[in-house]
Amino acid sequence: MAKDVIIACDFSSKEDTFSFLDKFTDVKPFVKIGMELFYAEGPEIVREIKKRGHRIFLDLKLCDIPNTVKKAMSVLSGLDVDMCNVHASGTIAMMEAAVEGLTRPDGTRPLLIAVTQLTSTSEERMRNDLLIDRPINVVVAHYAKNAETAGLDGVVCSPLEASLVKENCGKDFLTVTPGIRFADGEIGDQVRITTPEKAREIGSDYIVVGRPITAAENPVEAYKRCVKEFLLKEI
Ligand code: C5P
């Protein structure tokens, strides 16, 4: 199974994004485009980054009625991204519709993963705001199982939940994990974090790394360090 480091390109403009990507001359990292950049620049930014040879995780976290999600996914599939996502809280029917919409006439499709519970949602908020009174691990495992039932490829989760997801859904079910920090780096606003090395040991398939790379003095070196610690590979 392919494992990789995905850089979260959390920039608000095309100019900032390209001046960052221009630093990478000998490697073409897998990048994540989130809502900020997509809403600022529109689908053209996806085409342009793709043209430069990067693989793309389009992180738009769709959640709507099944028919709407199906149609939106068929548009995203035409953008030729490599990975995209939905909220598992949209139900199994919505996730099934997402798979259907994403699948191209030739049967191929980008990887599709589901957000279980956002890592910003604590057990207390889940109970008080969402009236979900089960332990968060039970909810994450259940939502991951729903995603698997609907035919998705994996989930976005905290690296600390990756082994729980693998236990419930099997080793081939992908875990994509943000919340990564170097052992000697800044934590910022993330709470449940781990290092690239630890994420490898726990069984993450893809780590999503933003500021430890984008805000580093030398982003290319920081990226290479992530690859070395996570994939045990010198690039
Ligand atoms: O800068 P940092 O490494 O914290 O960036 C992490 C990226 O992963 C951001 O784009 C953030 O929105 C995203 N993310 C996250 N936690 C989630 C889902 C996505 O940090 N549960």
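Preceding this section is the structure that the text describes.
Residues numbered from 1 in each chain as written. Predicted model: local features only at pLDDT ≥ 70, side-chain atom pairs only at ≥ 80, totals over all residues. Heavy atoms only, no water.

Trainee: Describe unusual backbone geometry, naming the residues involved and giving the relevant values.
Mentor: Backbone geometry places Thr91, a non-glycine residue, at a positive phi of 90°. Mapping Thr91 onto the fold places it in the loop between strand 4 (83-87) and helix 5 (92-102). Classification of Thr91 by relative accessible area gives partly exposed; the value is 42%. Here Leu131, not a glycine, exhibits a phi torsion of approximately 60°, which is positive. Examined against the element boundaries, Leu131 turns out to sit in the loop between helix 6 (123-130) and helix 7 (136-149). Judged by relative accessible area, Leu131 falls into the exposed class, the value being 72%. (Helix = DSSP H or I, 4+ residues; strand = E, 2+ residues; numbered from the N terminus. Buried < 20%, exposed > 50% of the residue type's maximum accessible area, 1.4 Å probe, protein only.)

Trainee: I'd like to hear about the sheet that holds strand 1 (residues 4-8), residue by residue, with values.
Mentor: Spatial ordering of the closed barrel is given by 1-2-3-4-5-6-7-8, a layout of eight strands whose pairing is parallel. Pairwise comparison of adjacent strand axes, ignoring direction, gives a mean angle of 25° for this sheet. Pairing between strand 6 (residues 154-156) and strand 7 (residues 174-177): three bridges, direction parallel. Each bridged residue has a counterpart across the sheet, and for Gly154 the counterpart in strand 7 is Leu174. Its contacts with the sheet place helix 11 (residues 219-231) against strand 1 and strand 8 (206-209), and it is angled at close to 145° to strand 1. (Pairing = 2+ DSSP bridges. Axes fitted to C-alpha atoms, helices over the stretch in contact; angles between N-to-C directions. Contact = heavy atoms within 4.5 Å.)

Trainee: Describe the site of the ligand, with residues and values.
Mentor: Surrounding the ligand, one finds Ala8, Asp10, Lys32, Thr119, Pro178, Arg181, Gln190, Val208, Val209, Gly210, Arg211 and Pro212. Gly210 is positioned such that a nitrogen or oxygen atom in its backbone is 2.8 Å from an oxygen atom of the ligand. Across the complex, the protein chains shield 83% of the 470 Å² of accessible surface that the ligand would expose by itself. For the shell around the ligand, the secondary-structure elements that each account for two or more residues are strand 8 and helix 10 (211-214). Residue composition of the shell around the ligand, grouped by class: five nonpolar, three polar and four charged. (Near = heavy atom within 4 Å. Polar contact = N/O pair within 3.5 Å; in protein donor to acceptor, adjacent residues only side chain to side chain. Areas by Shrake-Rupley, 256 points an atom, 1.4 Å probe, with all protein chains shown as cover. Nonpolar A, V, L, I, M, F, W, Y, C, P; charged D, E, K, R; others polar.)

Trainee: Got a sec to walk through the pairing of strand 7? Specific residues and values, please.
Mentor: Across a regular strand the side chains alternate sides, sitting on one face of the sheet and then on the other. Burial along strand 7 is two-sided: the face carrying Leu174 and Val176 and the face carrying Thr175 and Thr177 are both buried. Once the chain exits strand 6 it traverses helix 8 (residues 162-169) before rejoining the sheet at strand 7, and the crossover so formed is right-handed. Across two bridges, strand 7 lies against strand 8 in parallel orientation. By the bridge assignment for strand 8, Thr177 is matched with Ile207. Note that the unit made of strand 7, helix 9 (residues 196-202) and strand 8 has a crossover that is right-handed. (Right-handed = clockwise from strand over helix to strand, strands pointing away.)

Trainee: Now, about the side chain of Thr17: what can you tell me, with residues and values included?
Mentor: Examined against the element boundaries, Thr17 turns out to sit in helix 1 (residues 14-21). Given a relative accessible area of 0%, Thr17 falls into the buried group.

Trainee: Give me the pairing of strand 2 (residues 30-34): which residues, what numbers.
Mentor: When you tally the buried positions in strand 2, you get five out of five residues, the bulk of the element. Pairing of strand 1 with strand 2 involves three bridges; the strand directions are parallel. Paired with Ile7 across the bridge in strand 2 is Val31. Of the pairings in the sheet, the one linking strand 2 to strand 3 (residues 56-62) comprises four bridges and is parallel in character. Looking at the pairing, Ile33 lines up with Leu58 of strand 3.

The analysis is restricted to geometry; functional conclusions fall outside its scope.
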